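Examination of the molecular architecture
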Amino acid sequence: MAPIAKIGSIISTAIKSSGSRLVYSTGGCRPTFFDAFKAFNSKPHMAKKLALRINEVSKDIKPRADEILRPLCDDLGEFGSRIKKVDKITGKIPRAMKDLSFDDAVEYIANGKITNILGDGYGARIIINDPKDVPVLLRRLADAHKSGKLELTLVENYRGNGINPYINGNNMRMLNEIGAGENITLNKIKNAGYTRSNMDIFIDGFKIEFQIGGKRTTRFGEVEHYLHDMRLNGTPDLSKLNDAQKELFYKMQKEYTLLKQNKKLDNFYNKYLTQVWKCFKEAEEKSLLSVVLPELPHGIPKILSVENLLKLEKINCKKLLQKC
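Residues numbered from 1 in each chain as written. Predicted model: local features only at pLDDT ≥ 70, side-chain atom pairs only at ≥ 80, totals over all residues. Heavy atoms only, no water.

Moving on: unusual backbone geometry. The phi angle at Asp204 is positive, at roughly 55°, despite the residue not being glycine. By the element assignment, Asp204 lies in the loop between β5 (196-203) and β6 (206-214). Of the residues examined, Asp204 reaches a relative accessible area of 47% and is grouped as partly exposed. (Helix = DSSP H or I, 4+ residues; strand = E, 2+ residues; numbered from the N terminus. Buried < 20%, exposed > 50% of the residue type's maximum accessible area, 1.4 Å probe, protein only.)

Next up on the list: the nonpolar core. Leu69, Leu141, Met199 and Phe210 are the most contacted members of the largest nonpolar core, which totals 34 residues. Mapped onto this core, the elements with two or more residues apiece are α3 (44-73), β2 (122-128), α6 (134-147), β3 (151-160), α7 (169-177), β5 and β6. Excluding residues that lie within four positions of it along the chain, Leu141 makes contacts with Leu69, Leu72, Leu150, Met199, Ile201 and Phe210. Residues Met230, Tyr269, Tyr272 and Leu310 belong to the second largest nonpolar core, which totals 30 residues. (Core = buried A, V, L, I, M, F, W, Y, C linked by side-chain atoms within 4.5 Å. Contact = heavy atoms within 4.5 Å.)

Right, let's talk about the sheet that holds strand β4 (residues 185-190) for a bit. Pairing between sheet strands relies on hydrogen bonds along the backbone, with the strands arranged either parallel or antiparallel. If you trace the six strands from one edge of the open sheet to the other, you get β1-β2-β6-β5-β3-β4, paired in mixed fashion. The sheet is open, and its two borders are formed by β1 (77-83) and β4, each paired with just one other strand. Averaged over all neighbouring strand pairs, the angle between strand axes comes to 20°, with direction disregarded. Contacting β1, β2, β5 and β6, α3 crosses the sheet at an angle of about 170° to β1. Across the sheet, α6 lies against β2, β3, β5 and β6, angled at about 165° from β6, the strand it touches most. (Pairing = 2+ DSSP bridges. Axes fitted to C-alpha atoms, helices over the stretch in contact; angles between N-to-C directions.)

This next bit is on the packing of α3 against helix α4 (residues 86-99). Axis separation between α3 and α4 bottoms out at 8 Å; the angle between their running directions is 115°. Here α3 runs over α4; the crossing is right-handed. Mapping the contact onto sequence places Ala47, Lys48, Leu50, Ala51, Leu52, Ile54 and Asn55 in α3 and Val86, Asp87, Ile89, Thr90, Ile93 and Met97 in α4. A per-class count over the contact of α3 with α4 returns nine nonpolar, two polar and two charged. (Left-handed = near helix turned anticlockwise from the far one by under 90°. Nonpolar A, V, L, I, M, F, W, Y, C, P; charged D, E, K, R; others polar.)

This part is about the packing of helix α8 (residues 215-231) against helix α9 (residues 243-260). Interhelical geometry of α8 versus α9 gives an angle of 50° and a closest axis separation of 11 Å. Comparing their axes, α9 and α8 come out oblique. The two elements α8 and α9 meet at a crossing, and its hand is right-handed. Taken together, the residues of α9 that come into contact with α8 (itself represented by Tyr226, Leu227, Met230 and Arg231) are Phe249, Gln253, Tyr256 and Lys260. Of the residues in the contact of α8 with α9, the class split is five nonpolar, one polar and two charged. (Parallel < 35°, antiparallel > 145°, perpendicular 65-115°, else oblique.)

What follows deals with helix α5 (residues 102-110). Buried within α5 are the following residues: Ala105, Val106, Tyr108 and Ile109. Just beyond α5, the residue with positive phi is Gly112, at close to 70°.

Below, the discussion takes up the environment of Ser101. Among the secondary structure elements, Ser101 is positioned in the loop between α4 and α5. As for Ser101 and Ile117, which are separated by 16 residues in sequence, their C-alpha atoms are 9.7 Å apart.

Next up on the list: the confidence of the model for the protein. Summarising the model, the protein shows a mean pLDDT of 87, and 86% of its residues fall at 70 or more. Confidence drops under a pLDDT of 50 for residues 1-7, and excluding neighbours within four residues, the segment shows 12 contacts in the predicted structure. pLDDT under 50 marks residues 10-27. Its contacts with residues more than four places away, or in other chains, come to 29 contacts. (pLDDT = per-residue confidence, 0-100.)

Turning to the packing of aromatic side chains, a few remarks are in order. Within this structure, the stated rule accounts for nine aromatic pairs. Aromatic side chains Tyr158 and Tyr194 sit 5.7 Å apart centroid to centroid with 65° between the ring planes, which places their arrangement in the edge-to-face category. In this pair, Tyr158 is assigned in strand β3 and Tyr194 in the loop between β4 and β5, connecting sequence segments 36 residues apart. Three or more aromatic residues joined by ring pairs make a cluster, and in this case those are Tyr158, Tyr194, Phe220, Trp277 and Phe280. (Phe/Tyr/Trp six-rings, centres within 6.5 Å; stacked < 30°, edge-to-face > 60°.)

Okay, the pairing of β2 next. Within β2, six of the seven residues are buried, which leaves the element mostly enclosed by the surrounding structure. As paired elements, β1 and β2 share seven bridges and run antiparallel to each other. Note on β2: the bridge partner recorded for Ile83 is Tyr122. Summarising the sheet, β2 and β6 pair through six bridges and their orientation is parallel. Pairing of Gly123 across the sheet is with Glu209, part of β6.

This paragraph deals with the pairing of β6. When you tally the buried positions in β6, you get eight out of nine residues, the bulk of the element. One ladder, built from seven bridges, connects β5 with β6; its direction is antiparallel. The residue bridging Ser197 from the neighbouring strand is Ile212, located in β6. From the end of β5 to the start of β6, which pair antiparallel, there are two residues, and Asp204 there has a positive phi angle of about 55°.

See below:
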């Protein structure tokens, strides 16, 4: 039996036979097996094995998930889906284990769905043509939930400070109604302005991620992800960058690492990024023909400008700033 299965079997047996007593010691509820389970699977070799399994499961569920989600999106925008690479999944396992709750661990192990520890091995999104059509999409998702095609369990409505979210209060209340009296929506302010709606969805028992974004915010988000990875001390995927782009990235990484050590400058830079997100979101809402980006705050290295950031992707800066 594989090590993951062995630990899963041990904990599952303990749960079924003695409730939580064998998972938590009786002396002040000190974690024992549960902590050991999380620590064991966070080790590099075990994280890699779990990542490979998550990748396999994600590939298996993709045709079915695409079949359900694509018809909900095609007339409202551009639907797309992807399978996360094994190395990216491996890097996220320790954080996923750290955030894993006891109840979720019990559910995943008991149901034989340990791969649900990380829910974005398969990810899908819609780049919606018009933000005004988001309520139409949400009603379709709610109907699919009620009919049993999918189970919508969590909606994270991300937005930067002062930016209109993609899901407003009325639609959040509508989504919460399908949660059997339990709120499934979270409104979250992101310091660096990230504006998107992310959803946890179960299809045939497997956890997947679905995102709603607009044309401009999605394009900007694809390149701003380099900064996101730096903020979390992650390892961005540079495989698609040419030598000049890699050189630019490492220069930006060096300056951004230094900037984060200065709370005042880091705060200024986050406000700048938030204003950039706001410019793109408002351009979607108002169908603006062009976007005028804010000026980089005084004291922020010029290399960290959004104009330089856009050079890291095959995004025509002029096209992004003009009407999509």
